[in-house]
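If you want the building blocks of each chain, they are given just below.
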2 protein chains.
Amino acid sequence: MNKKRITSKELAKLAGVSSATISRAFSPDSRIGNATRDRILSVAREYGYQPNAIARSLNNQRSRLVALVVNAIGNPCEAEEQQLLVHRLQARQLLPIILCCADHADRLQLMRLASTYQVDHVVVFSDMVSMQDAVDIFHTTKPIIVSFEPLASDSVSSISIDGSAAADEIIAKIVGDGKTRFAYLSGTQSSWIDKLRRKWFADALAKRGLAFEAQAFGDYTYDSGFKEAVMLLHRSKVDAIICGNDVMAIGARDAARRILGKNTPGDIAIVGQDGIAMAAWDCNDLTTLSLDHVAFIDAVVDLIERHDAELDGPHSITMTCSVRWGSTA
Amino acid sequence: MNKKRITSKELAKLAGVSSATISRAFSPDSRIGNATRDRILSVAREYGYQPNAIARSLNNQRSRLVALVVNAIGNPCEAEEQQLLVHRLQARQLLPIILCCADHADRLQLMRLASTYQVDHVVVFSDMVSMQDAVDIFHTTKPIIVSFEPLASDSVSSISIDGSAAADEIIAKIVGDGKTRFAYLSGTQSSWIDKLRRKWFADALAKRGLAFEAQAFGDYTYDSGFKEAVMLLHRSKVDAIICGNDVMAIGARDAARRILGKNTPGDIAIVGQDGIAMAAWDCNDLTTLSLDHVAFIDAVVDLIERHDAELDGPHSITMTCSVRWGSTA
DNA sequence: CCGATTTGTGTAAACGTGTACACAGAGTGA
DNA sequence: TCACTCTGTGTACACGTTTACACAAATCGG
């Protein structure tokens, strides 16, 4: 138990070869005799030898580690995409290091720590870190930013998201149903993602001579959606609430239903954003501005692969959202 | 942009000292003059130098990486605990590597890959990997297994969970309400965790001269909870369903309500397990056998710290569950 | 059968740190 | 002033790989 790990030099002695040959036995295409390789692999199995990835990384200048900067893993709105990405990375023998930066005062400190590990790629999902910070800290790595606005830069690849058309569809339907008094329930105060999402809906309203009457700020959680909706509905007579994400929308719906006895979509329309699996659960059946998560992660993986092959400079991709129609709007 | 990272030797030249002194400037307690340290840190900031953690790990035999073996991060039932743990690790300057092993054919391969990175600690949350496999693969690391049965071993620390008392409370209440025909909706076919959880409830039933009339197998997801509950309720006349986790319980409740028009707790009692935040949402208000997640993660962190300090041998901790009473049973 | 190429292997030097050891100078007590 | 400790720094090696280079043996074409 708990024995020291065997090293390539020791294994070399055991197999009667040099440590270089050990290394070659584990490199798929290198000049080595088949007999030697087989013998070495067999001895290696016997002694439980595996090349030390840390040493290899130091030598290769290539760690096969990927930093994932996210707000939270506990929030279903993010976790689904993260899960997809983690699977895809693992299939490519890349190991994800999760940097969970919400509630954590010194996110920058944390990112600096990760950059110290010579990660090969950085994927920034969080809107809590500015793109400039990411570029500064990972200046050696060319981060892939998942932003919501197309950004031009020679050191960052980005995937931006356009939900304006889908927002317009949603507003059209709600206005068509006779609603006129809209509120926006933001995910967070300072986030540029939130500002952009709000703009999609604000523009769609403006096109019809309307505007948001009220606004509130939460923190992307159910509880904040519930609490802010209660306060919102008490202080103004809105009949439609657009929420920053699906979880908050569920909170807002519960608040409207439980505390004020209002039903969707009759009394009040409620709209989420993200299109997570939970939105489609029978008890929720949320109308939501949704993103194709698989296509989205496909795009991220594609960028990582280009980046890996050093094929070309940074790319900028835009994806459009669609609507999931439920019974809440 | 994308400049090469500066090395300690180069910085040494720039600061007019030897590379050893650079290293000392970054080690909190080492013999170095204050003036020298300040000068070095200032020059380091200027050139963006940070010690290479990979090289340091190789030298130290200590990577500060922690492997987290989990089933899924997308499933809220696990994500909450994972999130807590990730925060606690980060606060200790430990970086988590997530190994997501559900849906992934070769989990062992994945674990072997991670072990190659000389992780300092391993936390196994997943019931999909056998403890023996974990010990074999991470024989150099002493994994911390989060099991549900107390296990004796000199190479593994473990935290086990006992929900028998809480299960008894729940069954007492349901039986007291006049229900007699119970079904168990398993999370997964082969999991020993699932078997143990089921046993808690089976024992509580047996004490009252009852037994499970029916059983079904899902995969811990909402959809499987929904589908299996529909089939279960069609083929037998059960009036209480104990589910493998909270998400499945929500699915089962939706199925009962939507497809068969049955309400909880009147027509049918539904019980979850885990006690995730979502169980307390107004729209769910689930009765569930719940674990104190904070205390649980405290225990994990405590084990990691003992393990880090090499204080003593492996430990075995047992935690007891409590009941969250909702309106579904 | 000989020169040219290919194949298989060993030697040695990197990769970027941390640290044991040596050592010079400063301080200290008698 | 001297023997001694303490402080600050440099030198050199170890950590476990990969790989450029060298070289012997094997293969090959004519």
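Residues numbered from 1 in each chain as written. Chains lettered and ligands numbered in written order. Predicted model: local features only at pLDDT ≥ 70, side-chain atom pairs only at ≥ 80, totals over all residues. Heavy atoms only, no water.

**Student:** How should the overall build of chain A be read in this particular structure?
**Tutor:** The helix and strand inventory of chain A stands at twelve helices and twelve strands. Principal axes of the C-alpha set define a box for chain A whose edges measure 85 × 45 × 35 Å. The burial tally for chain A puts 55% of its 329 residues in the buried class. Within chain A, contacts between residues at least 6 apart in sequence are counted, and of these 69% link residues at least 24 apart. Only carbon and sulfur atoms are counted for the fraction: they give 49% of the accessible area of chain A, which is about 13600 Å². (Helix = DSSP H or I, 4+ residues; strand = E, 2+ residues; numbered from the N terminus. Buried < 20%, exposed > 50% of the residue type's maximum accessible area, 1.4 Å probe, protein only. Contact = heavy atoms within 4.5 Å. Areas by Shrake-Rupley, 256 points an atom, 1.4 Å probe, with all protein chains shown as cover.)

**Student:** Which parts of the structure should I look at to understand the pairing of strand β5 (residues 157-162) of chain A?
**Tutor:** Regular strands place side chains that alternate from one sheet face to the opposite one. Residues and elements named next belong to chain A. Across the six residues of β5, five count as buried, placing the element largely inside the fold. For strand β4 (residues 144-146) and β5, the ladder comprises three bridges, and the chain directions are parallel. Within the sheet, the bridge partner assigned to Ile 144 lies in β5 and is Ser 157. Pairing of β5 with strand β11 (residues 316-320), which is carried by five bridges, proceeds in the parallel orientation. Paired with Ile 161 across the two strands is Met 319, which belongs to β11. (Pairing = 2+ DSSP bridges.)

**Student:** What is the right way to look at the protein's contact with DNA strand D in this model?
**Tutor:** Within the structure, DNA strand D sits among 25 residues, and Ser 8 and Ser 23 of chain A together with Thr 21, Arg 31 and Thr 36 of chain B are positioned closest to it. Of everything in DNA strand D that lies within 4 Å of the protein, sugar and phosphate atoms constitute 54%. In this structure, a phosphate oxygen belonging to DNA strand D sits 3.3 Å away from a main-chain N or O atom of Asn 52 of chain A. Of all the elements in the fold, those that place two or more residues in the surface near DNA strand D are α2 (19-25) and α4 (53-60) of chain A together with α2 (19-25) and α4 (53-60) of chain B. Looking at which element gives the most residues to the surface near DNA strand D, the answer is α4 of chain A, with four residues. Within the surface near DNA strand D, the residues separate by chemical class into eight nonpolar, 13 polar and four charged. (Near = heavy atom within 4 Å. Polar contact = N/O pair within 3.5 Å; in protein donor to acceptor, adjacent residues only side chain to side chain. Nonpolar A, V, L, I, M, F, W, Y, C, P; charged D, E, K, R; others polar.)

**Student:** Teacher, can you tell me more about the protein's contact with DNA strand C here?
**Tutor:** Contacts to DNA strand C come from 26 residues, most closely from Thr 21, Arg 31 and Thr 36 of chain A together with Ser 8 and Ser 23 of chain B. Sugar and phosphate atoms represent 57% of those atoms of DNA strand C found within 4 Å of the protein. Between Thr 36 of chain A and DNA strand C, the recorded distance is 2.6 Å, taken from a side-chain N or O atom to a phosphate oxygen. For DNA strand C, a phosphate oxygen lies 2.7 Å from a polar atom in the backbone of Ser 8 of chain B. Of all the secondary-structure elements, those providing two or more residues to the surface near DNA strand C are α2 and α4 of chain A together with α2 and α4 of chain B. The leading source of residues in the surface near DNA strand C is α4 of chain B, at four residues.

**Student:** Looking at this structure, how should I read the pattern of salt bridges?
**Tutor:** If charged atoms from side chains of opposite charge come close, those side chains can pair. Applying the stated criterion across every chain yields a total of 30 salt bridges over all chains. Two residues, Arg 253 of chain A and Asp 254 of chain A, come together in a salt bridge whose shortest N-O distance is 2.7 Å. An identical accessibility class is assigned to Arg 253 of chain A and Asp 254 of chain A; each is buried. A salt bridge links Lys 173 of chain B to Asp 177 of chain B; the nearest nitrogen and oxygen atoms lie 2.8 Å apart. The exposure class of Lys 173 of chain B is partly exposed, given its relative accessible area of 33%. (Salt bridge = Lys/Arg side-chain N within 4 Å of Asp/Glu carboxyl O.)

**Student:** What is the right way to read the domain arrangement of chain A from this model?
**Tutor:** Where interface size is given, it is often the accessible area lost as the parts come together that is meant. Assigned domains within chain A: domain 1 (8-51), domain 2 (65-162 + 293-317) and domain 3 (164-290). For domain 1 of chain A versus domain 3 of chain A, the separation of C-alpha centres amounts to 61 Å. (Domains from an automatic or database assignment.)

**Student:** I keep staring at the pairing of strand β8 (residues 240-243) of chain A and nothing clicks. Help me out?
**Tutor:** All names here are of chain A. The side-chain alternation of β8 yields two buried faces, one formed by Ala 240 and Ile 242 and the other by Ile 241 and Cys 243. Pairing of strand β6 (residues 182-186) with β8 involves four bridges; the strand directions are parallel. When the sheet's bridge partners are listed, Tyr 184 is paired in β8 with Ile 242. Two strands pair when backbone bridges link them, and β8 and strand β9 (residues 269-274) are joined in this way by three bridges, in the parallel orientation. Residue Ala 240 lies in a different strand from β9, and its bridge partner there is Ala 269. You can see the chain leave β8, run along helix α11 (residues 246-260) and come back into β9, and the turn it takes is right-handed. (Right-handed = clockwise from strand over helix to strand, strands pointing away.)

**Student:** Is there a simple way to think about the state of the cysteines in this case?
**Tutor:** As used in these notes, a disulfide is a covalent bond between sulfur atoms, one from each of two cysteines. Residues and elements named next belong to chain A. In this structure the tally under the stated criterion is zero disulfides over all chains. There is no disulfide at Cys 101, and the cysteine sulfur nearest it, in Cys 100, is 7.1 Å away. By relative accessible area, which is 1% here, Cys 101 ends up buried. Here Cys 321 stays free of any disulfide, with the sulfur of Cys 77 as its closest cysteine sulfur at 13 Å. (Disulfide = S-S within 2.5 Å.)

**Student:** For this particular structure, what's the right way to read the packing of helix α10 (residues 222-235) of chain A against α11 of chain A?
**Tutor:** To describe two helices that pack against each other, one gives the angle between their axes and the distance between the axes. Residues and elements named next belong to chain A. Where α10 meets α11, the closest approach of the two axes is 7 Å, and the angle between their N-to-C directions is 50°. It follows from the interaxial angle that α10 and α11 lie oblique. Here α10 and α11 pass one another in a crossing that is right-handed. The segment α10 lies against α11, with Tyr 222, Ser 224, Gly 225, Phe 226, Ala 229, Val 230, Leu 233 and His 234 engaging Val 247, Met 248, Ile 250, Gly 251, Ala 252, Asp 254, Ala 255, Ala 256, Ile 259 and Leu 260. For the contact of α10 with α11, the per-class residue count stands at 13 nonpolar, four polar and one charged. (Axes fitted to C-alpha atoms, helices over the stretch in contact; angles between N-to-C directions. Parallel < 35°, antiparallel > 145°, perpendicular 65-115°, else oblique. Left-handed = near helix turned anticlockwise from the far one by under 90°.)

**Student:** What is the right way to look at the nonpolar core in this model?
**Tutor:** The tendency in soluble globular proteins is for nonpolar side chains to be buried as a group. Membership of the largest hydrophobic core comes to 89 residues, with the highest contact counts inside it found for Phe 296 of chain A together with Phe 296 of chain B. When residues no more than four places from it in sequence are discounted, the contact partners of Phe 296 of chain B are Glu 81, Phe 125, Val 146, Ile 159, Ile 161, Leu 291 and Met 319 of chain B. Counting 60 residues, the second-largest nonpolar core is a separate cluster that includes Ala 183 and Ala 279 of chain A together with Ala 249 and Trp 281 of chain B. (Core = buried A, V, L, I, M, F, W, Y, C linked by side-chain atoms within 4.5 Å.)

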